[in-house]
Amino acid sequence: MQALLSFDRAPPIAAPLRFFLTAPLFGVLAGLLLLAAGPDALASRWTPAALAATHLITVGFMLQVMAGALMQILPVATGASLARPLPTARLVHGGLTVGAMTLAGAFLFGSPGGFVAAAVVLGATVALFLFATGGAVLGIPSTSPTIRGLKLALAGLAGALALGVALALTLGNGWSINLPALADLHAGWGLGAWAGILLVAISYVVVPMFQLTPPYPARQSWWLPPVIVGCLLLWSLAFALGSAEGTRLVQGCLAVAGMGFAVFTLRLQRQRRRARADATFRYWQVGLGCAIAALAMLLLAAIRPELTEWGGWTPLFGIVFGAGGFMSLIVGMLYKIVPFLTWLHLQNAGQGRVFAPNVNKILPDKPMMWQMRAHFTALVLLAAAVIWPGPLLALAGLAFAVANGWLAANLLSTVRLYRRHMAALAKPAGA
Amino acid sequence: MTHPKSSRVIDARYLEPPEPFVLTMEALDTLPAGEKLLLLLFREPHPLYKVLKQNGYAYETELVADGTFEILIWRP
């Protein structure tokens, strides 16, 4: 019965891999953009280069990996299966890739037509993704905090999408609206209710499983995702009422909830039973540390809003939260998921006659650790470049591009190994 | 290890996949008629559920306060 190992419900390896291999290329593009944009690019959150780079990372990198990973993990974490995983993956991957490029181009060149096109492409793509994943998971009872969390994360993505489309159409048609407050709300739904809850719900499963830690306690696990969505609903209400105080109060609550989760996860990691500190463990330590630092900035700004008058405040927050927090946690997870998937598919292709190489040999620790150091170096340079852009921003952009190119190379090496082994399996015995 | 729910317990809480699955399958192969097997895990094993259903087993899952899923398995 071992051979059954849930394989029949896993999508083909091509479904998630296309997302994972494309995402780092958007990281490379964001780095090159900062390299080329000149020292004023991060002078405020509203420069064309800052907005373009932000969306190359949030849509091109983060949403790309999260969509691919969710389609992969849905059957294992919830028991739901997607109706047609490969065609859905192809469409969502293509739409996200074209949509992220179009949106970044629209920001960079201030093109009204570009914003409308991006709204249409990303709107249709994410709606398709929500339809496929939401349709699969909605009928499943919420028997675990993870299932409830995944459902709420999809609702969060729907919120972020609706606000993003509204923002893009506003920019495309020159409508008059409170753009900064709406952009904040869009970021809140995207980073808090979608990316944040997804991360929380997946952590419930993968932190104990991959790092051999104690579990998250049941009661808090049930409550955290609905609390985050509740905060976002209150934030939306505050926006509708035009209440800046209400918005800051909710932002403060979100910051405290997020910090609580990150601190607790760090505590779990300290109790892990796996002695070795591999790249995933280090990436998670730094990712959680950065998330705590960024959420502390959010809390500080909620208490002392005048802090955000410095133009570099929000770019610094974005770098620490996005590149330092989410990207570190995502890459750390990719370094577990991609070798494991490769192993799983090779093992099943071998049908018990030919054994797949050991998971640790599929992507050795050394190249992961070096890529991780490159990512952390880029991170320090990016944060420093907000304060001293003149000498540092170009270098930081280059370092970020190199770190992401290295990630692509590491992931590609597992694909090459997969192809080599599959080719060997295809040869008739004795040939 | 014994447990109020069953004397046959697989504590797979600090084991890496696929070990919990393999141990459960081995234990079910030797489970005497009328007895129940209790699996302890830090996650809900949906892939295992499917195999259990395919092989005619029934199961009941409870998430307890510390975050452990207790999965009681038997042949009806």
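Residues numbered from 1 in each chain as written. Chains lettered and ligands numbered in written order. Predicted model: local features only at pLDDT ≥ 70, side-chain atom pairs only at ≥ 80, totals over all residues.

Student: Describe the overall build of chain A, naming the residues involved and giving the relevant values.
Tutor: In terms of helices and strands, chain A carries 13 helices and 0 strands. Along the chain direction, N to C, the helices and strands of chain A fall in the order α-α-α-α-α-α-α-α-α-α-α-α-α. Here the C-alpha atoms of chain A give a radius of gyration of 21 Å, agreeing with the 22 Å that 2.2 N^0.38 yields for 431 residues. Its C-alpha atoms give chain A principal-axis dimensions of roughly 70 × 45 × 45 Å. (Helix = DSSP H or I, 4+ residues; strand = E, 2+ residues; numbered from the N terminus. Rg over C-alpha atoms; globule rule 2.2 N^0.38 Å.)

Student: Break down the overall build of chain B for me, with residues and values.
Tutor: Within chain B, the regular secondary structure consists of 2 helices and 4 strands. Secondary structure elements of chain B occur, N-terminal to C-terminal, as β-α-β-α-β-β. Taking 76 residues into account, the globule formula puts the C-alpha radius of gyration at 11 Å, and chain B, at 11 Å, falls close to it. When the backbone C-alpha atoms are referred to their principal axes, chain B occupies close to 30 × 25 × 20 Å.

Student: Lay out the interface of chain B and chain A in plain terms, naming residues and giving numbers.
Tutor: Every contact between the two is made by 20 residues of chain B and, on the other side, 23 residues of chain A. For the side of chain B that touches chain A, the secondary-structure elements that each account for two or more residues are α1 (19–29), α2 (46–54) and β3 (58–63) of chain B. Per-element tally for the side of chain B that touches chain A: the top contributor is α2(B), with 4 residues. Broken down by class, the residue content of the side of chain B that touches chain A amounts to 13 nonpolar, 4 polar and 3 charged. (Contact = placed C-beta atoms within 7 Å. Nonpolar A, V, L, I, M, F, W, Y, C, P; charged D, E, K, R; others polar.)

Student: Please provide a residue-by-residue account of the packing of helix α1 (residues 14–37) of chain A against helix α13 (residues 389–426) of chain A, values included.
Tutor: All names here are of chain A. Interaxial distance between α1 and α13 falls to 7 Å at its minimum, and their mutual angle equals 165 degrees. The orientation of α1 relative to α13 falls into the category roughly antiparallel. Seen along the crossing, α1 lies across α13 with a hand that is left-handed. Among the residues making up the contact of α1 with α13, the classes are represented as 21 nonpolar, 5 polar and no charged. (Axes fitted to C-alpha atoms, helices over the stretch in contact; angles between N-to-C directions. Parallel < 35°, antiparallel > 145°, perpendicular 65-115°, else oblique. Left-handed = near helix turned anticlockwise from the far one by under 90°.)

Student: Tell me about the pairing of strand β1 (residues 8–11) of chain B, residues and numbers included.
Tutor: All names here are of chain B. Where β1 and strand β2 (residues 37–41) come together, 4 bridges link them in parallel fashion. Across the sheet, Val 9 pairs through a bridge with Leu 38, a residue of β2. Between β1 and its parallel partner β2, the chain crosses via α1, and the hand of that crossover is right-handed. (Pairing = 2+ DSSP bridges. Right-handed = clockwise from strand over helix to strand, strands pointing away.)

Student: For the nonpolar core, give the residues involved together with the corresponding values.
Tutor: Membership of the largest hydrophobic core comes to 148 residues, with the highest contact counts inside it found for Leu34(A), Leu56(A), Leu198(A) and Leu334(A). A per-element tally of this core places helix α10 (residues 313–349) of chain A first, with 19 residues. Those residues within four positions of Leu334(A) in sequence are excluded, and the remaining contacts are Phe20(A), Val65(A) and Leu411(A). Ala12(B), Leu28(B), Leu39(B) and Leu52(B) belong to the second-largest nonpolar core, a separate cluster that totals 15 residues. (Core = buried A, V, L, I, M, F, W, Y, C linked by C-beta atoms within 7 Å. Buried ≥ 20, exposed ≤ 12 C-beta atoms within 10 Å, placed from the backbone.)

Student: Summarise the environment of Ala118(A); cite the residues concerned and give the values.
Tutor: Residues and elements named next belong to chain A. Mapping Ala 118 onto the fold places it in helix α4 (residues 112–138). On the basis of neighbour count, Ala 118 is assigned to the buried category, with 29 C-beta atoms found within 10 Å. For Ala 118 and Gln 64, which are 54 residues apart along the polypeptide, the C-alpha to C-alpha distance reads 15 Å. If near-sequence neighbours (up to four positions away) are discounted, Ala 118 is found in contact with Gly 99, Thr 102, Leu 103, Ala 106 and Ala 168.

Student: Explain α2(B) to me, using residue names and the numbers behind them.
Tutor: Among all positions in α2(B), only His46(B), Pro47(B), Leu48(B), Val51(B) and Leu52(B) are buried. Elements that come into contact with the buried residues of α2(B) comprise α2 (48–78) of chain A together with α1, β3 and β4 (69–74) of chain B.

Student: Kindly report on helix α8 (residues 244–270) of chain A, identifying the contributing residues and their values.
Tutor: All names here are of chain A. The terminal C-alpha atoms of α8 lie 39 Å apart, and with 27 residues this matches the ideal 39 Å at 1.5 Å per residue to within 8%. Where α8 is concerned, the buried positions are Thr 247, Val 250, Gln 251, Leu 254, Ala 255, Ala 257, Gly 258, Phe 261, Ala 262 and Thr 265. Buried-residue contacts for α8 involve α6 (179–211), α7 (218–241) and α9 (279–303). (Expected span 1.5 Å × (residues − 1).)

Student: For the sheet that holds β2(B), give the residues involved together with the corresponding values.
Tutor: All names here are of chain B. Taken together, the 4 strands give an open sheet; going across it, the order is β1-β2-β4-β3, and neighbouring strands pair in mixed fashion. With partners counted over all chains shown, the strands left at the sheet margins are β1 and β3, one partner each. Sheet twist, expressed as the average angle between the axes of neighbouring strands with direction ignored, equals 20 degrees.

Student: How would you explain the pairing of β4(B) if you had to name every residue and give the values?
Tutor: All names here are of chain B. The alternating pattern of β4 places Phe 69, Ile 71 and Ile 73 on a buried face and Glu 70, Leu 72 and Trp 74 on a face that is not buried. Judged from the 5 bridges that link them, β2 and β4 form a sheet pairing that is antiparallel. Bridged to Leu 38 within β4 is Leu 72. Bridge count for β3 against β4 is 6 bridges, and the pairing is antiparallel. Bridge assignment links Glu 60 to a residue of β4, and that residue is Leu 72.

Student: Please give an account of the environment of Phe400(A) that cites residues and values.
Tutor: All names here are of chain A. Residue position: Phe 400 is located in helix α13. For Phe 400, a count of 31 C-beta atoms within 10 Å gives the class buried. Residues Phe 400 and Ala 374 lie 26 residues apart in sequence; the distance between their C-alpha atoms is 7.8 Å. Filtering out sequence-adjacent residues up to four positions away, Phe 400 remains in contact with Gly 27, Ala 30, Gly 31, Leu 34, Ala 378 and Leu 382.

Student: Tell me about the environment of Pro180(A), and please be specific about residues and values.
Tutor: By the secondary structure assignment, Pro180(A) is in helix α6. When the C-alpha atoms of Pro180(A) and Trp46(A) are compared, they prove to be 9.3 Å apart, with 134 residues separating the residues in sequence.

Student: Please provide a residue-by-residue account of the packing of α2(A) against α10(A), values included.
Tutor: When two helices pack together, their arrangement is given by the angle between the helix axes and the distance between those axes. All names here are of chain A. Orientation of α2 relative to α10, taken along the N-to-C sense of each, is 25 degrees, at an axis distance of 11 Å. By the criterion of interaxial angle, the relationship of α2 to α10 is roughly parallel. For the pair α2 and α10, the sense of crossing is left-handed. Of α10, the residues touching α2 (which contributes Ala 50, Thr 54, Ile 57, Thr 58, Phe 61, Met 62, Val 65 and Ala 69) are Pro 315, Gly 318, Gly 322, Ala 323, Phe 326, Met 327, Ile 330, Leu 334 and Ile 337. Broken down by class, the residue content of the contact of α2 with α10 amounts to 13 nonpolar, 4 polar and no charged.

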